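Below are the chains, spelled out letter by letter.
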Amino acid sequence: MAGVNSCPHLILVSDLDFTMVDHHDSENLSLLKFNALWEANYRHNSLLVFSTGRSPKIYEQLRKEKPLLSPDITVMSVGTEIAYGRSMVPDNDWVESLNKNWDRNMVIEETRKFPELIPQDWRIIYEVVQSEADQRPHKVSFYIEKDKAEEVMKALSENLEKRGLDFKIIYSGGIALDVLPQGAGKGQALAYLLQRLKTKGKVPNNTLVCGDSGNDAELFSVQEVYGVMVSNAQEELLQWYAENAKNNPNIIHATERCAAGIIQAIGLFSLGPNTSPRDVLCFSDCQPDDVNPGHEIVKFYLFYERWRRAEIQDMGDPCTEYLKVDFHPDGVIVHPSGVERSLHDCINALRSCYGDNRGRKFRVWLDGISTAQMSSDTWIVKFDKWESSGDEWHCCITTVVLSSKGGDVSDGFTWWHVHQTWLEGWGMKDHSNWLI
């Protein structure tokens, strides 16, 4: 299983559409705040799980449209498919368990008797076009008008029971209806993952589940989890909460939308740091209890973004001279173009770039920070560094060598070496626009 080598501090399990991702937030500000919080404070000791109704193809489409982090585990197609790591290695044991007493052809045969059920092959939901790729081996999906849903679900259930199938029907979003194997679903997938971790001796300290619609309800039923329904949660999930979990203090209805509601829940349940570095104006006031190289990397690139957006005051040469304190005089950077230059020259180049993206949709975010300690005071940190400017996205695979100042990480870090190569398909034609 992907992720940390010991018991995870936190497992965060989140739905995507209108939970982690706010499709009404054109600048993705709440998502970017979550990204910075996770990479700075949780990536090194916790697990991020995306649990979505999207099929793999539609999930990958979303990743090209929104600045999503790479999760340690991806649960797709309403809990019928589980994949691990960036390479999306499928869990074949989970697939095999769902095959028991499941006959997809029989489900299709019965659903065809209901003209109210419209296959998810052309309608629009969550503001993205669904295609035939959304139909999966263990997920048969339809749209149905809200006022017809209850009657059709009852009749369809009776028909499938007569055929001897083990199944479940999930209605969400006020429009989407999924027929799944009885053993499938977001909740069952999470319970399966938690059992796998227990078997490996990696029981998490805490688990937080996050959702907004009916197909997320099962997540909140898993034992010993904290849960947050984001403020924009839909009627069917709020109704489930009123009927099943109203008196459960470990499940809350956030007052913030989407990713902001997730951050709010981390704080309310005291699960760990809940102030995103993006909400910190003075980084000297943002010293985490658990000092780690990832926080240092996030902090620098947020400064870099703010500098180029002119969101911090230009103090002239003293500002760049202050930065140089964190970069060793003999340190070098290998630019993605292959050109090698000193880190101090790179910092000097920043001086002339102040505010060159003022008023533009220029953002920087980091993904998949991983750290390896090479000695008592030296670390190698690897991550993907993304930049967006308007509709253009670019990414470099980045490696940084850091050492602690004064032999203690609480004193900060010194940058010794940076090496960058373009992520395939995401490079720049004009390499001069990429600074560090």
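Let us look at the structure shown here. (Residues numbered from 1 in each chain as written. Predicted model: local features only at pLDDT ≥ 70, side-chain atom pairs only at ≥ 80, totals over all residues. Heavy atoms only, no water.)

### Structural notes on the overall build of the protein
Here is step 1: For the protein, the helix and strand inventory stands at eleven helices and 20 strands.
Here is step 2: Against the globule reference of 22 Å for 436 residues, the protein gives a C-alpha radius of gyration of 24 Å, in line with a compact fold.
Here is step 3: Expressed as lengths along the three principal axes of its C-alpha atoms, the size of the protein is roughly 75 × 45 × 40 Å.
Here is step 4: Counting over 436 residues, the protein shows a buried share of 56%.
Here is step 5: When contacts within the protein are restricted to residue pairs at least 6 apart in sequence, long-range pairs at least 24 apart make up 66% of them.
Here is step 6: For the protein, the exposed surface amounts to about 19200 Å²; the carbon and sulfur share of it is 48%.
Here is step 7: Of the charged side chains in the protein, 44 are positive and 62 negative, and the gap between their average positions amounts to 2 Å. (Helix = DSSP H or I, 4+ residues; strand = E, 2+ residues; numbered from the N terminus. Rg over C-alpha atoms; globule rule 2.2 N^0.38 Å. Buried < 20%, exposed > 50% of the residue type's maximum accessible area, 1.4 Å probe, protein only. Contact = heavy atoms within 4.5 Å. Areas by Shrake-Rupley, 256 points an atom, 1.4 Å probe, with all protein chains shown as cover. Lys, Arg positive; Asp, Glu negative; His and termini not counted. Charge placed at Lys NZ, Arg CZ, Asp CG, Glu CD.)

### Details of the environment of glycine 267
Here is step 1: You can see glycine 267 is positioned in helix α8 (residues 258-268).
Here is step 2: What makes glycine 267 partly exposed here is its relative accessible area of 26%.
Here is step 3: Taking the C-alpha atoms as reference points, glycine 267 and asparagine 206, 61 residues apart in sequence, are found 13 Å from one another.

### With respect to the pairing of strand β19 (residues 392-404)
Here is step 1: Here twelve bridges tie strand β18 (residues 378-389) to β19, and the two strands are oriented antiparallel to one another. Along β19, the bridge assignment pairs serine 388 with tryptophan 393.
Here is step 2: Connecting the antiparallel pair β18 and β19 is a turn made up of two residues, with glycine 390 showing a positive phi of about 65 degrees.
Here is step 3: Pairing geometry for β19 and strand β20 (residues 413-422), over nine bridges, is antiparallel. Each bridged residue has a counterpart across the sheet, and for valine 400 the counterpart in β20 is valine 418. (Pairing = 2+ DSSP bridges.)

### Considering the sheet that holds strand β10 (residues 167-172)
Here is step 1: Read across the sheet, four strands follow the order β6-β9-β11-β10 without closing on themselves; strand pairing throughout is antiparallel. Of all strands in the sheet, those with a lone pairing partner are β6 (118-119) and β10, marking the two edges.
Here is step 2: Sheet topology note: the β10/strand β11 (residues 176-181) ladder contains six bridges and is antiparallel. Counted as the bridge partner of phenylalanine 167 is proline 181 from β11.

### Topic: the pattern of salt bridges
Here is step 1: Applying the stated criterion across every chain yields a total of 26 salt bridges.
Here is step 2: One salt bridge in this structure joins glutamate 109 and arginine 163, with 3.3 Å as the shortest N-O distance. Highlighted residues: glutamate 109 in helix α4 (residues 104-111) and arginine 163 in the loop between α5 (146-162) and β10, separated in sequence by 54 residues.
Here is step 3: A salt bridge links lysine 299 to glutamate 296; the nearest nitrogen and oxygen atoms lie 3.5 Å apart. With a gap of three residues between them, lysine 299 and glutamate 296 both fall in helix α9 (residues 293-308), about one helical turn apart.
Here is step 4: Residue class for glutamate 296 comes out buried when judged on its relative accessible area of 7%.
Here is step 5: Where salt bridges share partners, they join Glu39, Arg43, Asp72, Arg86, Asp367 and Asp384 into one cluster. (Salt bridge = Lys/Arg side-chain N within 4 Å of Asp/Glu carboxyl O.)

### Here's the deal with α8
Structural remark: α-helix, 3.6 residues per turn; residues separated by three or four positions point the same way.
Here is step 1: Of all the eleven residues making up α8, eight are buried; the element is thus mostly covered by neighbouring parts of the structure.
Here is step 2: Residues of α8 that are buried in the fold lie against β1 (10-14), α1 (29-41), β12 (206-211), β13 (226-229) and β14 (251-253).

### Considering the sheet that holds strand β15 (residues 327-334)
Here is step 1: Within the open sheet, the six strands sit side by side as β16-β15-β20-β19-β18-β17. Their pairing is mixed. Taken across any chain shown, the strands that pair with only one partner, and hence form the sheet edges, are β16 (340-342) and β17 (362-375). Strand after strand, the sheet turns through a mean of 20 degrees between neighbouring axes, direction not considered.
Here is step 2: Strands β15, β16 and β20 of the sheet are contacted by helix α11 (residues 343-351), whose axis makes an angle of about 85 degrees with β15. (Axes fitted to C-alpha atoms, helices over the stretch in contact; angles between N-to-C directions.)

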